[in-house]
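Take a look at the letters that make up each chain.
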Amino acid sequence: MENRKRPFEGGLSPDESFKTPEKRVSAVRLQDSDYMQWGVEETCSFLRREGLREWEDTFRAQKITGVDLRYLKDSDLEKIGIKCLGDRLQILHSIRKLWQITAEPNKVFNDPIHGHVELHPLLIQIIDTPQFQRLRNLKQLGGTYLVFPGASHNRFEHSIGVGHLAGRLVQALNERQPELLISRRDILCVQIAGLCHDLGHGPFSHMFDGMFIPRARPGISWKHETASLAMFDYLVKDNDLKPVMEQHGLVLPDDLNFIKEQIAGPLGTEAAKGQKWPYKGRPEEKSFLYEIVANKKNGIDVDKWDYFARDCYHLGIQNNFDYRRFLKFARVCDVDGQKHICTRDKEVGNLYDMFHTRNCLHRRAYQHKVGHIIEIMITEAFLKADKYIQVKGSGGKMFTLSTAIDDMEAYMKLTDYVFEQILNSSSDELEGARQILRNIVYRRLYKCLGQTQADKPISVNQEKLHKWEAKLAQSIPQNSSQDVHLQPEDFVVRVIHMDYGMKKENPINNVRFYCKDDPTKAFQIRKNQVSKLLPEQFAEQHIRVYCKKTDNKSLDAAKKQFVQWCMDKNFSKPQDGDIIAPELTPLKKSWSNNNNNEGEDGGGGSSSQGCSASTENKAKKNLF
């Protein structure tokens, strides 16, 4: 039996022989990512490095350059005299490594949404920095977590998901259309942009740049995308990543500009206004690369794909859009002299479902009336605490909550933990802010009086909202016997915008489709070619009113004043208007419950009219 055992090779001990082999790194040199610029001699040099010296003369005789390598197929190699199938497969295997990002060993993440996610070593080095790890402490949905217990996910995992999906989409296009000449540099840059697109978010995500900064610093126009660019620059500089990026084949500063342009659009907008092609990172023939991470043209991008899937998963809401199907049909076509990502004509209904899903998420979660008021209260607490929260930035300079956005070293230290910092503080200066946050913890929240709409969209600013709050305090119904006197500061008015992602526009009008008969020709599909059941309008405003006083007498009085205010402003009747102010709603004829005006069937007409008559009789009793 002893003789039948296989001898250990190479003098290895038994322990050494059972070691798991390390993942091998490809022999492709890092600078080979620029293969499309090779001439004939550089191509022959590559063959020598790959151990394919015997075919060097054949390639030289055929004058094969780097660009030609992208189009070589098995049949082409056979035509030029390479008869053995094994030789042809070996050559094809070597040259395909030039544009496949998987040529280097990747790290695997187990993600609940996308399964096993593989990321390039350069992406791992970006992830393993303090600037990126900060995203672990920023809730993806801000104050919504205080309403939906499952929404505990953070910007960290969302960013990894977007980086992964960006790579999948660009590689799907690369495999489907080799004529696009997508390089490994392009793939890496698109993945990095996806990974870093949210670096600039502040505490409680959109609350910080959408609610806090506009009130703390009304004189500036600041968005989290602006901070993402600054934070990305700080990340690269602070961690000395430029040499690492160059080692992995990136060309600086062109590729850094390309990454930032994908996140926030053209750099130096004023200078680019008069130019036909405003981007610097990539030429116009690669315009489609700017539609992957943040699609400014129609809003269909991998950022949405990830947050649809991830947010629905954690919120417990059904996601009706499957990005995997879009990946199968994505194709680049020429549209008005530029290359754009298009999809099959039969997918138009699925794209309408995608934007419907976005609208549903806003209605049911992102703009939830309780989540919204929690963020209003957190904003008020932050405003009270602003000048008392001190954060050290570059050069030892101290910054406040609102000024930290001017210095990335200081801003990097701001996370959702600011809430706990204020809540657990003992400083007298923070007493006002501390009390607001304590009310949130004890669920002593402002109460929603209702929601209404204007006939036409209204342009609002902070001054107009304050005027409305003052008017609400004065809108006491005639013959009212209420003994509660509410002040303007007892009301909070906010305007909520709902749309399909492009304000009043139908985003599908900016999408181009192709059919299977001619996949190279792009065309538009209008709404009336799809279905008559699709929305007529793609944007609306909701005016919400909250009351800070929560005792029953104050709330009853505030609700009636809210209904009276809606009547005075000629806004729509609040949904529960007949219940909270039955003595007022019949006085406005346009508010009568008549379904005939809405073009619906008469199935519910009798009950509605009965309710109206009952309400009117009750109103007469109260008024006379």
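Scope of this entry: the structure provided in the associated data block. (Residues numbered from 1 in each chain as written. Predicted model: local features only at pLDDT ≥ 70, side-chain atom pairs only at ≥ 80, totals over all residues. Heavy atoms only, no water.)

This part takes up the overall build of the protein chain. Secondary structure summary: the protein chain contains 26 helices and eleven strands in total. At a minimum sequence separation of 6, the contacts of the protein chain that also span at least 24 residues come to 69%. Surface exposure of the protein chain reaches about 31300 Å², of which carbon and sulfur atoms provide 47%. (Helix = DSSP H or I, 4+ residues; strand = E, 2+ residues; numbered from the N terminus. Contact = heavy atoms within 4.5 Å. Areas by Shrake-Rupley, 256 points an atom, 1.4 Å probe, with all protein chains shown as cover.)

Scanning all chains against the criterion turns up 30 salt bridges. Close ionic contact of Arg363 with Glu540 constitutes a salt bridge, the shortest N to O distance being 2.2 Å. Pair noted here: Arg363 is in helix H18 (residues 348–366) and Glu540 is in strand S11 (residues 539–547), with a separation of 177 residues, a long-range link. Arg363 gets classed as partly exposed once you look at its relative accessible area, which sits at 39%. When its relative accessible area of 26% is taken as the criterion, Glu540 is described as partly exposed. (Salt bridge = Lys/Arg side-chain N within 4 Å of Asp/Glu carboxyl O. Buried < 20%, exposed > 50% of the residue type's maximum accessible area, 1.4 Å probe, protein only.)

Turning next to unusual backbone geometry. With an omega of 5°, the peptide bond between Leu252 and Pro253 qualifies as cis. Along the polypeptide, Pro253 turns up in the loop between helix H13 (242–247) and helix H14 (254–264). Of note in the backbone geometry, Phe204 takes a positive phi value of approximately 60° without being a glycine. With respect to the helices, strands and loops of the structure, Phe204 is situated in the loop between helix H10 (184–196) and helix H11 (206–216). Of note in the backbone geometry, Lys503 takes a positive phi value of approximately 55° without being a glycine.

Pairing analysis gives five bridges linking strand S1 (residues 107–111) to strand S2 (residues 115–119), with the strands arranged antiparallel. Opposite Asp111, over in S2, you have Gly115 as the bridge partner. In textbook terms, the turn of a hairpin is the stretch between consecutive antiparallel strands, and for S1 and S2 this stretch comprises three residues. (Pairing = 2+ DSSP bridges.)

Quick look at helix H2 (residues 40–49) now. Think of an α-helix as turning once every 3.6 residues; residues three or four places apart then point the same way. All of the buried residues in H2 are Thr43, Cys44, Phe46 and Leu47. The buried residues of H2 occupy an angular sector of 155° when projected down its axis, which confines them to one face. Buried-residue contacts for H2 involve helix H3 (56–61), helix H4 (66–69) and helix H6 (85–96). Just downstream of H2, Gly51 is the residue with a positive phi angle, here 75°. (Arc of directions from axis to C-beta.)

Turning our eyes to something else, we now look at the sheet that holds S11. The strand order S7-S11-S8 describes an open sheet built from three strands, whose pairing is antiparallel. Each end of this open sheet is capped by a strand with a single partner; those strands are strand S7 (447–452) and strand S8 (491–499). Across the sheet, the mean angle separating the axes of adjacent strands is 25° when strand polarity is ignored. Bridging between S7 and S11 involves five bridges; their strand directions are antiparallel. The residue of S11 that forms the bridge with Gly450 is Val545. Helix-sheet contacts for H18 involve S8 and S11, and the interaxial angle to S8 is about 170°. (Axes fitted to C-alpha atoms, helices over the stretch in contact; angles between N-to-C directions.)

Here we take up the side chain of Arg282. Here Arg282 lies in the loop between helix H15 (269–272) and helix H16 (302–315). The residues contacting Arg282, other than those within four sequence positions of it, are Arg185, Asp186, Cys189, Asp255, Phe258, Glu261, Trp277, Leu289 and Tyr290.

What follows is about the packing of helix H19 (residues 369–385) against helix H22 (residues 431–441). The description of two helices packed together rests on the angle between their axes and the distance between the axes. The geometry of H19 relative to H22 is characterised by a closest axis approach of 8 Å and an angle of 160° between their N-to-C directions. Judged by the angle between their axes, H19 and H22 are roughly antiparallel. The handedness of the crossing between H19 and H22 is left-handed. Residues Ile374, Met377, Ile378, Glu380, Ala381, Lys384 and Ala385 of H19 pack against Gly432, Ala433, Ile436, Leu437, Asn439 and Ile440 of H22. Counted by class, the contact of H19 with H22 contains nine nonpolar, two polar and two charged residues. (Parallel < 35°, antiparallel > 145°, perpendicular 65-115°, else oblique. Left-handed = near helix turned anticlockwise from the far one by under 90°. Nonpolar A, V, L, I, M, F, W, Y, C, P; charged D, E, K, R; others polar.)

At their nearest, the axes of H11 and H19 sit 10 Å apart, and the two run at 40° to each other. With respect to each other, H11 and H19 are oriented oblique. As H11 runs across H19, the sense of the crossing is right-handed. Here Met207, Met211, Phe212, Arg215 and Ala216 of H11 lie close against H19, whose contacting residues are His372, Glu375, Ile376, Ile378, Thr379, Glu380, Phe382 and Leu383. For the contact of H11 with H19, the residue count by class is eight nonpolar, two polar and three charged.

A separate point is the environment of Trp305. Along the chain, the position of Trp305 falls in helix H16. Owing to a relative accessible area of 2%, Trp305 belongs among the buried residues under this scheme. Measuring from C-alpha to C-alpha, the distance between Trp305 and Leu165 comes to 8.1 Å, with 140 residues separating the pair along the chain. Those residues in contact with Trp305 that sit more than four places away from it in its chain are Leu165, Leu169, Ile300, Phe321, Tyr323, Phe326, Leu327 and Met354.

Quick look at the packing of aromatic side chains now. Per the stated rule, a full pass over the model turns up 24 aromatic pairs. Ring geometry for Phe355 and Tyr500: centres 6.2 Å apart, planes at 15°, overall stacked. Separated by 145 residues along the polypeptide, Phe355 in helix H18 and Tyr500 in the loop between S8 and strand S9 (513–515) bring together distant segments of the chain. Comparing Phe355 with Tyr500 shows no difference in burial state: the two are buried. The structure contains a cluster of three or more aromatic residues connected by ring pairs, namely Phe204, Phe208, Phe212, Trp222, Phe382, Tyr411 and Phe419. Sitting above the plane of the Tyr411 ring, Arg134 keeps its charged end 4.8 Å from the centroid. (Phe/Tyr/Trp six-rings, centres within 6.5 Å; stacked < 30°, edge-to-face > 60°. Lys NZ or Arg CZ within 6 Å of the ring centre and 35° of its normal.)

Of the residues making up H22, those classed as buried are Ala433, Arg434, Ile436, Leu437, Asn439 and Ile440. Tucked inside the fold, the buried residues of H22 contact H19 and helix H21 (417–423).

Okay, the state of the cysteines next. Within this structure, the stated rule accounts for zero disulfides. In this model Cys515 remains outside any disulfide bridge; the closest cysteine sulfur is found in Cys333, 9.8 Å from its own. A residue is classified by how much of its surface remains accessible, and Cys515, at 21% relative accessible area, is partly exposed. (Disulfide = S-S within 2.5 Å.)

What follows deals with the environment of Ser159. With respect to the helices and strands, the residue Ser159 is situated in helix H9 (residues 155–176). Taking the C-alpha atoms as reference points, Ser159 and Asp198, 39 residues apart in sequence, are found 6.8 Å from one another. Discounting chain neighbours no more than four positions away, the residues touching Ser159 are Phe132, Leu135, Gly194, Leu195, His197 and Asp198. There is a polar contact of 2.9 Å between the side chain of Ser159 and the backbone oxygen of Arg155. (Polar contact = N/O pair within 3.5 Å; in protein donor to acceptor, adjacent residues only side chain to side chain.)

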